[in-house]
Amino acid sequence: MLTDENNSDYFDQMYQEIAKLALAQGDKEGVIQNMKKSISVSVTNNKQKDRAYLRLANIFYKKPDFPLAAAYYDSASTTLPNTYAG
């Protein structure tokens, strides 16, 4: 599915689903790589991009890698709606 350009509008969602599978397998690096891919291919879906930024920020916060977590939280703040409670 990721090789079919007809699905390009859904690549961001597909990468996030792959990241969920990696998380279930305990593959934290796989989660990180697929969330980054999701962000890079997401053009119009800010909700999907928000989730990816926040998931990466939380991962790096727990590592702890606070500078990288802060960078992802900052990126999320540029696309999250002002009404976001988190």
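What comes next is a walk through the structure. (Residues numbered from 1 in each chain as written. Predicted model: local features only at pLDDT ≥ 70, side-chain atom pairs only at ≥ 80, totals over all residues. Heavy atoms only, no water.)

So, the overall build of the protein chain
Then, number 1: When helices and strands are tallied, the protein chain shows four helices and zero strands.
Then, number 2: Along the protein chain, from the amino end to the carboxyl end, the secondary structure elements read α-α-α-α.
Then, number 3: Here the C-alpha radius of gyration of the protein chain, 13 Å, is about what a compact globule of 86 residues would show, namely 12 Å.
Then, number 4: Each principal axis of the C-alpha atoms in the protein chain carries an extent, and together these give about 35 × 30 × 20 Å.
Then, number 5: Across the protein chain, the fraction of contacts at a sequence separation of at least 24, relative to all contacts at a separation of at least 6, is 38%.
Then, number 6: When the accessible surface of the protein chain is summed, it comes to about 5,700 Å², and 51% of that surface belongs to carbon and sulfur atoms. (Helix = DSSP H or I, 4+ residues; strand = E, 2+ residues; numbered from the N terminus. Rg over C-alpha atoms; globule rule 2.2 N^0.38 Å. Contact = heavy atoms within 4.5 Å. Areas by Shrake-Rupley, 256 points an atom, 1.4 Å probe, with all protein chains shown as cover.)

Thoughts on the packing of helix 1 (residues 11–24) against helix 3 (residues 46–62)
Then, number 1: Axis separation between helix 1 and helix 3 bottoms out at 10 Å; the angle between their running directions is 30°. In this structure, helix 1 meets helix 3 at a crossing whose hand is left-handed. For the pair helix 1 and helix 3, contact is made by Asp12, Gln13, Gln16 and Lys20 and by Gln48, Arg51, Ala52 and Arg55, respectively. (Axes fitted to C-alpha atoms, helices over the stretch in contact; angles between N-to-C directions. Left-handed = near helix turned anticlockwise from the far one by under 90°.)

Here's the deal with unusual backbone geometry
Then, number 1: Of note, the amide linkage connecting lysine 63 to proline 64 takes the cis form, showing an omega dihedral of -5°.
Then, number 2: By the secondary structure assignment, proline 64 is in the loop between helix 3 and helix 4 (66–79).

Description of a nonpolar patch on the surface
Then, number 1: Taken together, Tyr61, Phe66 and Tyr73 make up a surface patch of nonpolar side chains, about 320 Å² in accessible area.
Then, number 2: Structurally, the position occupied by tyrosine 61 is in helix 3.
Then, number 3: Here tyrosine 61 falls in the partly exposed class, since its relative accessible area comes to 48%. (Patch = residues over 30% accessible without salt bridge, like charges linked within 9 Å, V, L, I, M, F, W, Y side chains within 5 Å. Salt bridge = Lys/Arg side-chain N within 4 Å of Asp/Glu carboxyl O. Buried < 20%, exposed > 50% of the residue type's maximum accessible area, 1.4 Å probe, protein only.)

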